[in-house]
Amino acid sequence: MRSFFLVCSQSRGLRERATRYGFVRRAVARFMPGEDVSDALSAATALRANSIGSVFTFLGENVSDPAEADRVTTHYLDVLKRIRESGLGAEVSIKLTQLGLDLSPELCYSNVKKIIEQAGTQSVVWIDMEASNYVDATLALFRRARQAYPNVGICLQAYLYRTEKDIANLLPLGPAIRLVKGAYKESAEVAFPRKKEVDENFFALAKQMVSDEARAAGLRAAFATHDRKLIQRIIDYAGSKKLGKDSFEFQMLYGIQREEQYRLAREGWKSIVLIAYGSFWFPWYMRRLAERPANVLFVLRNLFAS
């Protein structure tokens with residue numbers, strides 16, 4: 001089932017057809033508040049009332065026109081201005097292929113630099129990780145940006161074999177790292193093929209990210225998972241090491257495990273929600289279903305309930 005959804009996420013024809021159907025749009029509405037940034041701002045305001053922070057991401061990837069990369073950059077500059085004016089304290093998460101990485105690393109870096117500078121030193125700009133063939137280019141650009149600016153973070157994927165070494169190599173930079181399980185179709189040559197293996201590696205990497213060495217380096221650890229058992233394992237481990245609740249944070253997607261998001265916030269953990277918006281939502285939505293096929297039943301229940 002996971003492979004099926006990942007194949008669907010790569011189909012341009014399916015993306016163009018499926019988004020015309022009302023039942024598909026109703027299904028995805030559970031996971032994003034709307035297609036406009038105003039919808040994201042409203043959702044973030046409601047979350048803040050429950051002591052939950054937000055990260056915004058404007059959906060899209062693999063642009064093939066420099067003008068489109070420039071439009072995306074301008075969009076993020078405006079979003080950051082609106083976030084600042086609202087006093088929300090939200091952050092943004094960007095995809096490098098949406099900012100021109102396929103066209104030119106220099107063009108992409110120029111766009112990323114504008115966004116980082118607009119964000120200001122107190123607001124981290126997260127760089128999403130895409131498929132495994134982009135990891136080296138993404139890390140190279142992140143290193144360049146991190147050496148120039150303090151307010152940039154990187155997403156790493158627990159299903160890749162290489163991630164343990166990547167974390168170790170990034171430690172001297174004192175980075176902000178968001179750890180996710182991974183949502184692209186990868187071969188067993190580069191990624192753990194079984195969910196149990198990914199879960200175990202996620203936990204091992206989480207321990208690495210809150211180790212004495214990592215905390216001494218100033219690493220900001222963000223664990224992006226909806227897996228309640230895994231969340232509890234991390235919390236229990238933190239307790240065994242006498243780590244404070246400010247030692248790391250949990251990040252989840254809008255609309256998934258809402259009660260868990262609220263519970264963590266009530267108990268004093270830093271709870272952050274990634275709010276996605278924009279018209280290019282179909283590939284993103286398919287990858288969300290692929291991450292946890294049980295979400296399909298969740299979607300069906302909501303459709304029939306409505």
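Please read these numbers as outputs of a predicted model, since none were measured by experiment.

Visitor: Tell me what's going on with the packing of helix α4 (residues 37–48) against helix α5 (residues 66–86), and back it up with residues and numbers.
Guide: Look at α4 against α5: their axes get within 11 Å of each other, and the N-to-C directions meet at 35°. For the crossing formed where α4 meets α5, the hand is right-handed. Of the residues in α5, those in contact with V37, S38, L41 and R48 of α4 are H75, V79, R82, I83 and S86. Across the contact of α4 with α5, the residue classes tally to four nonpolar, three polar and two charged.

Visitor: Could you give an account of helix α6 (residues 105–119), naming the residues involved and the relevant values?
Guide: Look at α6: 21 Å from first C-alpha to last across 15 residues, which is about the 21 Å you get at 1.5 Å a residue. Turning to α6, its buried residues number three or more, namely C108, Y109, N111, V112, I115, I116 and A119. For α6, the buried positions fall inside an angular range of 165° around the axis, keeping them on one side. The secondary structure elements touched by the buried residues of α6 are α5, β2 (91–94), β3 (125–127), α7 (135–148) and β4 (152–157). Of the residues flanking the start of α6, the one acting as N-cap is S104, its side-chain oxygen 3.2 Å from the backbone nitrogen of E106. G120 sits one or two residues past α6 and shows a positive phi near 85°.

Visitor: Now, about the side chain of S93: what can you tell me, with residues and values included?
Guide: By the secondary structure assignment, S93 is in strand β2. Apart from the residues lying within four places of it in its own chain, the contact partners of S93 are V55, F56, T57, Y76, W126, D128, R178 and L274.

Visitor: Could you give an account of the packing of aromatic side chains, with specific residues and numbers?
Guide: Two aromatic rings are characterised by how far apart their centres lie and by the angle between their planes. Within the structure shown, the criterion is met by eleven aromatic pairs. Their ring planes at 80° and their centres at 4.7 Å tell us that Y161 and F192 sit as a pair that is edge-to-face. Taken together, the residues Y161 in the loop between β4 and α8 (163–170) and F192 in the loop between β5 (176–180) and α9 (195–209) connect sequence positions 31 residues apart. Exposure remark for Y161: the relative accessible area of 38% places this residue in the partly exposed category. Across from the ring centre of Y109, 3.8 Å away, lies the NZ or CZ of R144, which sits over that ring. The aromatic ring of Y254 is capped on one face by R258, whose charged end is 5.1 Å from the ring centroid.

Visitor: Talk me through the sheet that holds β3; I want residue IDs and the actual numbers.
Guide: Spatially, β1-β2-β3-β4-β5-β6-β7-β8 is the arrangement adopted by the eight strands of the closed barrel, whose pairing is parallel. Put simply, the sheet's adjacent strands are angled 25° from each other on average, direction ignored. Across three bridges, the pairing between β2 and β3 is parallel. Within β3, the residue paired with I94 across the bridge is I127. Here α7 sits on the sheet and contacts β3 and β4; the angle it forms with β4, its principal contact strand, is near 155°. Taken strand by strand, helix α12 (residues 258–266) contacts β7 (248–253) and β8 (270–277), and its axis lies near 160° from that of β7.

The rules behind each value
- Residue indices begin from 1 for each chain and proceed along its sequence in written order.
- Two thresholds apply to this predicted model, a pLDDT of at least 70 for residue-level local features and 80 or more for giving and counting side-chain atom pairs, whereas whole-chain, interface and lining totals are computed over all residues.
- With hydrogens and water stripped out, all remaining heavy atoms of the structure feed into the side-chain values.
- Helix axes are fitted to C-alpha atoms over the stretch in contact, other axes to C-alpha atoms as well, and angles between N-to-C directions run from 0 to 180 degrees.
- Strands are runs of DSSP state E lasting at least two residues, helices are runs of H or I lasting at least four, and both sets are numbered from the N terminus onward.
- In this scheme the crossing of two helices becomes right-handed for a clockwise turn of the near helix relative to the far one and left-handed for an anticlockwise turn of less than a right angle.
- Any two residues having at least one pair of non-hydrogen atoms within 4.5 Å are treated as being in contact.
- Only Asp, Glu, Lys and Arg are considered charged, only Ala, Val, Leu, Ile, Met, Phe, Trp, Tyr, Cys and Pro nonpolar, and every remaining residue, Gly among them, polar.
- The span one expects for a helix is its residue count, reduced by one, times 1.5 Å.
- Exposed residues in this analysis have more than 50% of their type's maximum accessible area, buried residues have under 20%, and partly exposed residues fall in between, with area computed by a 1.4 Å probe over protein chains only.
- Note that the arc is computed from the directions linking the helix axis to the C-beta atoms.
- In protein, a polar contact requires one atom able to donate a hydrogen and another able to accept it; more generally it is a pair of N or O atoms within 3.5 Å, and residues adjacent in sequence count only if both atoms are side-chain atoms.
- Between the rings of Phe, Tyr and Trp (Trp by its six-membered ring), a pair exists once the centres lie within 6.5 Å; its type follows the angle of the planes, with under 30 degrees stacked, over 60 edge-to-face, and the other angles tilted.
- Distance and angle both matter: a charge sits over a ring if NZ of Lys or CZ of Arg is within 6 Å of the ring centre and within 35 degrees of the ring normal.
- Following DSSP output, two strands are said to pair if at least two bridges run between them.

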